[in-house]
Amino acid sequence: MGNREEIICIRIEGGEEEAVENNQINIRRKESKQFDIILTDDYDDDNNPIDDHHYYGSSNHGRISNNNQTSKRIMQEWKILEKNLPDSIYVRVYEGRIDLLRAVIIGASGTPYHDGLFFFDIQFPSHYPNKPPKVYYHSFGYRLNPNLYGFGMVCLSLLNTWRGTENEKWNPSESNVLQILLSIQALVLNAEPFFNEPAYNFGDLSTNLGYWKKKSLAYNEDTFVLSCRTMLAVLNKPPKHFEEFVAQHFCERAETILTASKAYIDGKVKVGHHIPIENTASSSFSSTISGESHKKFQDSMGIIYSKLLLAFIKNGSSLEDYVGDNMDDHLSNNQVVLPEPEPSSNLIVWVLCGFVYIPLLVFFLVILPIIIIYSKP
């Protein structure tokens, strides 16, 4: 594909013929770039480019097409995104469904989300920007943040899905999609997501900081486990139009993720702290992390580490320098031996029944006939 650039001319419906020229907005489409327009004319019903978008089935598109002001505002949003996206956020918009947008945020270094990919489907409402966009998080069933629910809800003041001051809520004249994505990246996928949890009354943190820091570390460990599970889910079924991006991303980040996972498992680095990759195998760490919660984390990560390693190799990652000739050692040393399964409830019921019914059977089949025989005159 290369880096060729192509001008896409989007015509806004509903304008007068003499105003057509003013109702056309040119968007620069760059191949393999952070912002990209997906053309929908070349697809048929069996190869629909957006049918996995959460809001694809919405009838909102027709209302937007007939609303000239909303269409113009969306085109402005496209331009803002194209010019201002940071390196860690990628966006796809759709030429045939301008009401839809998909974004992925790369988890930042120094957080329990580092190197993960977090996908969001966005829909512009019919009277945008009077109301904020709808945002759906692709959780794959995992809740790895107090603000991101397993059923896809994103809890954020800017989306009016969480309480906040007037300055924090959606402002039709100033707010935009780029602000939403940056807020999710900075305020939600942060270094200590535990403190986002509104259910806790942290009070004066300085008086009990040690306790809350331990809780935060345990939360980070659980979060990283779920982040790794999300990586596996994304690799298994990447969202449409991000397939090549997902493959390339994990090819490049595989060794970093595995090295960090090993350091976390060994307790040499706290989850969510910056990882000195060159030192993780050395003895420069003065202590290791321990405790019941960390043991639980080690058990979970021991299994996931092996799955990640195999998934990265299947994805095409070159891990020879990392694994060498010791693939079996890497798998066995980090594979947790699961405890023997407990007896199922059905088995327990059968055992209890045996204690009751076997003596009865012995009585009626053996003892009672003997009694009857010897009781006869």
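All figures in this text were calculated on a predicted structure; none of them were measured in a lab. (Residues numbered from 1 in each chain as written. Predicted model: local features only at pLDDT ≥ 70, side-chain atom pairs only at ≥ 80, totals over all residues. Heavy atoms only, no water.)

Draft legend 1. Just the overall build of the chain, in detail. Of regular secondary structure, the chain possesses 9 helices and 7 strands. Counting every position in the chain, which comprises 377 residues, the buried fraction comes to 44%. Summarising the internal contacts of the chain: among those between residues at least 6 apart in sequence, 64% fall at separations of at least 24. In the form shown here, the chain has an accessible surface area of approximately 21000 Å², with 52% of it arising from carbon and sulfur atoms. (Helix = DSSP H or I, 4+ residues; strand = E, 2+ residues; numbered from the N terminus. Buried < 20%, exposed > 50% of the residue type's maximum accessible area, 1.4 Å probe, protein only. Contact = heavy atoms within 4.5 Å. Areas by Shrake-Rupley, 256 points an atom, 1.4 Å probe, with all protein chains shown as cover.)

Draft legend 2. Looking closely at the confidence of the model for the chain. When pLDDT is averaged across the chain, the result is 80; 69% of the residues are at 70 or more. A low-confidence stretch, residues 1-9 stays under pLDDT 50, and its non-local contacts, those more than four residues away or across chains, total 27 contacts. (pLDDT = per-residue confidence, 0-100.)

Draft legend 3. The pattern of salt bridges, seen in detail. Tallied over the entire structure, the rule returns 9 salt bridges. The salt bridge partner of Arg253 is Asp115, with a shortest N-O separation of 2.7 Å. Residue Arg253 is located in helix α5 (residues 243-265), and its partner Asp115 is located in the loop between β5 (100-106) and β6 (117-123); the two are separated by 138 residues in the primary sequence. Its relative accessible area of 9% is what places Asp115 among the buried residues. Ionic contacts of the salt-bridge type, sharing partners, join the residues Asp52, Arg102 and Asp121 into one network. (Salt bridge = Lys/Arg side-chain N within 4 Å of Asp/Glu carboxyl O.)

Draft legend 4. Fine view of the packing of helix α2 (residues 68-84) against helix α3 (residues 177-188). Contact geometry for α2 and α3: axes closest at 9 Å, N-to-C directions at 45°. Judged by the inter-axis angle, α2 sits oblique to α3. Residues Glu77, Ile80, Leu81 and Asn84 of α2 lie in contact with α3, whose contacting residues are Val177, Leu178 and Leu181. (Axes fitted to C-alpha atoms, helices over the stretch in contact; angles between N-to-C directions. Parallel < 35°, antiparallel > 145°, perpendicular 65-115°, else oblique.)

Draft legend 5. Just unusual backbone geometry, in detail. Between Tyr128 and Pro129 the backbone carries a cis peptide bond, its omega angle lying at 10°. Along the polypeptide, Pro129 turns up in the loop between β6 and β7 (134-137). The backbone of Phe140 shows a phi angle near 55°, a positive value even though the residue is not glycine. Looking at the element boundaries, Phe140 is found in the loop between β7 and α3. The class of Phe140 is partly exposed, set by a relative accessible area of 32%. Unusually for a residue other than glycine, His241 sits at a positive phi of about 75°. Here His241 lies in the loop between α4 (209-236) and α5.

Draft legend 6. Summary view of the sheet that holds β7. Here 5 strands make up an open sheet; going across it, the order is β3-β4-β5-β6-β7 and the pairing mixed. Where the open sheet ends on each side, the last strands, each with one partner, are β3 (35-38) and β7. Averaged over all pairs of adjacent strands, the angle between their axes in this sheet comes to 20°, without regard to strand direction. Of the pairings in the sheet, the one linking β5 to β6 comprises 7 bridges and is antiparallel in character. (Pairing = 2+ DSSP bridges.)

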